Every structure is written in structure tokens, then in C-alpha cells.
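Structural features, examined
Spelled out, the chains give:
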Amino acid sequence: MDELTRQVREMYMEFPFPSEEYRLLYGPQIVKYLHDNRGTRPRSLLDGADVLDAGCGTGSAAASMARQFPDARITAVDLSDASLAKARENATSKGLTNVEFRQANLLEMDLERKFDAIFCMGVLHHLSDPEKGLRTLSRHLKPGGVVVLWLYGEYGRHRLNLNQRLLQILLKDVESLQEKVEYTRKLLSSGDPESLRCYFSVHDPELEHKWDESLAWILGKPEWIVDQFLHYNERVFNMGTILAAADQAGLSLDKWIGVRSGISHLVKDPAVLERFEGLPERDRLLVQDLLIKPCHYTVALKTKNKE
Amino acid sequence: MAVKDEIRSFLETNFGAKEIDDQKSLMESGTIDSMGIIELIDFMETTYGIKVEDDEVVEANFGSVAKMDAYLAGKKNG
């Protein structure tokens, strides 16, 4: 295990994440994608499927899936034993028998089996080598299977990344993570809102772009402060770097989930739209990306040589 | 029938919901499960002749009866 991976593991051992239910993995847009791509399955691609939740944390999403799809076989892995202990406790208390939790490092793992669907939600961007992590996931995919990723967005998190850098410099001599959390709380609650205002992820998507409300919420959640402001390793992506990582892993973009195709709902001028429509597909995605400036991405990737 | 009444009637018929609070989260109250969103999208598209775009499939539009009512009003006016 490399040094950065060890640091991230220790961070999540001290602050298991997430501390409560939230529906990142199994939000409505992903539910719709899995329904639209169910093939011959009755309701969803997950019906009767072999599913991997790679980086399950405290397992709330894996448990939710296991409950919704009793005939699916769910494997959930994480680096942190502390998070896995909570995940197992949660699944046992709910009487779930179709979910198995295992400790694994996504950079090195070989689970010796393949999956119809792999979810890696909010995890790849914390690996010391995300491209290698994606190649590992790709090796665990059945032919025709799908990898769903949720990744931080470079353009939408720019101001947050600047605040993270500010905190890194300000707190470089502070060793205890708990103490760093306290300083971060003090800065965020007393600093000039116009200077500090930024987007960060919270449990409820409806709060995400409301600074006052999301700030009030996160100030009471030390594990979220660590995850969003003090993380040892956050690598942000844009559509170009996502497509490049997919290429390296032998995967291609099947669907940019939750984003409508084209830009005609955002740009009305016919001459501009005509120019956009004339671009190659990859350039259209890049233009769309630069126009929306997403805070995060949900993408579905499939193997390149699907039948 | 008002749109809110039609939505309530759909929820009662298809999910066995009773005494629905228009403001309350349909997921958190257990009225619908995650897959229920698919039936709601289908109901809206077929009943009101709208196209639910991928970026509109969010709880801000589908989370409660009141949110669905506001979303449909916006679609009709848009």
C-alpha cells in the first residue's frame, strides 16, 4: 500500500464516511439509467445481477440496493475496516443476506469474479492513481457490463479547491485531524461569506448550491468537513480527463447520466448551435462540459467491444 | 380534476398510499420506493404529454406532490 493510500485509509478509519443514509449511489437519475438499460430484465439492470459497490464506505447505498433487489448478489468493498464494521452491522440489523462486505484496496484487488454492474461512487477521485483504479474495475466487468462512476468536477469545485489549498497552508503544522476540523469550523463560521463561498457536496442534493444552508449543515458534521475540506487526496476531473481514463481502461462513455444531450436548452442562437452540431462527438461533449461547468459527474462506461 | 388531485389519485391507485401530505417526501415517508420514480415519470409523460428530460429527474421535481405539481406547471408554461 502506497503512502497516500495509507493516509487516506487512516483518515477514513478516524472519520468513517458517510455517517448516515444518503442516496448518491441510488439516486433517481441512476435508477432511470438502470431501468432504461435493463435489457430483458423486468425492472432494472440490477434484477438478478452480480453487483460490485467499489468503495462502499459505511454501506448505506449497498444495503439500500440489497433491499430493493433481493435477487441481486451484491459485493461491497472498502479500504477502511472501521467503515466496513458499520456496514456489516447495518446490513445484519436489516436482515440482509444478499450483500457481502470485503476489505480491499481498489488499486490492487482481484476479487476473482466478474460483475454485471460496478458502482464506484465518489471514490476514484480519492485514489493515488485513479486511472489504475479504473483499469482494475474494468477487469472485473462481465462482457456487456457497466461501470457507473461518480466523480468530482474540476470546473464546479474550483472555489472549493482554492479553500482546500488555503486550509492546507494555514494548517500545515497542525497534526491532529480533529484539531484541523475545529480550525476549519472556525474559519467557515466566522470568515467573510463572499470570500469563502463555494460549492461542496452534502447529503441532500437540494441543499448543494445553497451556501448558507449547506454550511449550517456541514458545520455539525465533522466527517463531512474532513471529506470535503481536509481530504488528503482529491483529484478533480473534467469530461476530457474522464474520457481519457476510460480509453486507458478499454471503456467508452455509454451515458452522461443526469445531463440532457446537446446544448439547445442553454444556447439559443441558431448559428452557434449549427457550429456546435458540426463538431465531432468528443468535442461536443467537451464544449457541453465547459458550458455547464459541473460540480460532479455521473457517468456510465461500457467495454469498447460490446456486441 | 386539479393536477394535485390527479397525482394523489395515481399514488393511491398504484402505491396504495393514503392521506398523502402534499409537502412530505414520498421516498422518506415510504410512499414510493426508488423504483417508484420510473412509474411517476411514465405517469407524467403519458398523462400530461410532456417529455421528462434526464436532468429533470431529481427529487426537487419528484420528491413530493407539491414538487411534482410545481414541476408540471413549469413544464406547461415553459
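Within soluble globular proteins, side chains that are nonpolar tend to cluster in buried spots. Residues A:L46, A:F101, A:F119, B:L11 and B:F62 are the most contacted members of the largest nonpolar core, which totals 57 residues. Once residues lying within four places of it in the same chain are set aside, the contact partners of A:F101 are A:C56, A:G59, A:A62, A:A76, A:L84, A:A87, A:R88 and A:A91. The next biggest cluster of nonpolar side chains, apart from the first, holds 34 residues, and it includes A:A104, A:F115, A:I118 and A:A249.

What follows covers the packing of aromatic side chains. For the structure shown, the criterion picks out nine aromatic pairs over all chains. A centroid spacing of 6.1 Å and a plane angle of 70° characterise the contact between B:F10 and B:F15, whose relative ring orientation is edge-to-face. Looking at B:F10, the relative accessible area reads 14%, which means it is buried. Relative accessible area serves as the criterion here: at 21%, B:F15 is assigned to the partly exposed category. Aromatic rings pair up to connect B:F10, B:F15, B:F43 and B:Y48 into one cluster. One Lys or Arg, A:R157, reaches over the ring of A:Y152 and ends 3.4 Å from the middle of that ring. When the ring centre of A:Y183 is taken as origin, the NZ or CZ atom of A:K186, which lies over that ring, is 5.6 Å away.

Our focus in this paragraph is the packing of helix α1 (residues 3–14) of chain A against helix α4 (residues 81–93) of chain A. Residues and elements named next belong to chain A. Look at α1 against α4: their axes get within 7 Å of each other, and the N-to-C directions meet at 45°. It follows from the interaxial angle that α1 and α4 lie oblique. In contact with R9, Y12 and M13 of α1, α4 contributes D81, A82 and S83. Residues of the contact of α1 with α4, tallied by class, amount to three nonpolar, one polar and two charged.

Bringing the packing of helix α2 (residues 36–48) of chain B against helix α4 (residues 65–77) of chain B into the picture now. All names here are of chain B. Where α2 meets α4, the axes come as close as 12 Å, and the angle between the chain directions of the two elements is 40°. Classed by the angle they form, the pair α2 and α4 counts as oblique. In this structure, α2 meets α4 at a crossing whose hand is right-handed. Contacts between α2 and α4 involve L40, M44 and Y48 on the former and, on the latter, M68, Y71, L72 and K76. Its residues placed into classes, the contact of α2 with α4 shows six nonpolar, no polar and one charged.

Of all nine residues that make up helix α2 (residues 28–36) of chain A, seven are buried, and the element is covered over most of its length. Buried within α2(A) are the following residues: A:P28, A:I30, A:V31, A:K32, A:Y33, A:L34 and A:H35. Check the buried side of α2(A) and you find it contacts β4 (115–121), β5 (141–152), β6 (251–256) and β7 (296–303) of chain A together with α2 and α3 (59–62) of chain B.

Residues and elements named next belong to chain A. Position of S128 relative to the elements: it lies in the loop between β4 and α5 (130–139). The class of S128 is partly exposed, set by a relative accessible area of 32%. The spatial distance from the C-alpha of S128 to the C-alpha of D2 is 8.0 Å, given a sequence separation of 126 residues. With sequence-adjacent residues up to four places away left out, S128 is seen in contact with D2, L4, T5, L107 and N233. Of the polar contacts made by the side chain of S128, one reaches the side chain of D2; its length is 2.9 Å. A distance of 3.5 Å separates the side chain of S128 from the side chain of T5, its partner in a polar contact.

Conventions used here
Residues numbered from 1 in each chain as written. Chains lettered and ligands numbered in written order. Predicted model: local features only at pLDDT ≥ 70, side-chain atom pairs only at ≥ 80, totals over all residues. Heavy atoms only, no water. Core = buried A, V, L, I, M, F, W, Y, C linked by side-chain atoms within 4.5 Å. Buried < 20%, exposed > 50% of the residue type's maximum accessible area, 1.4 Å probe, protein only. Contact = heavy atoms within 4.5 Å. Phe/Tyr/Trp six-rings, centres within 6.5 Å; stacked < 30°, edge-to-face > 60°. Lys NZ or Arg CZ within 6 Å of the ring centre and 35° of its normal. Axes fitted to C-alpha atoms, helices over the stretch in contact; angles between N-to-C directions. Helix = DSSP H or I, 4+ residues; strand = E, 2+ residues; numbered from the N terminus. Parallel < 35°, antiparallel > 145°, perpendicular 65-115°, else oblique. Nonpolar A, V, L, I, M, F, W, Y, C, P; charged D, E, K, R; others polar. Left-handed = near helix turned anticlockwise from the far one by under 90°. Polar contact = N/O pair within 3.5 Å; in protein donor to acceptor, adjacent residues only side chain to side chain.

Without other data, these values stay purely geometric and don't point to any function.
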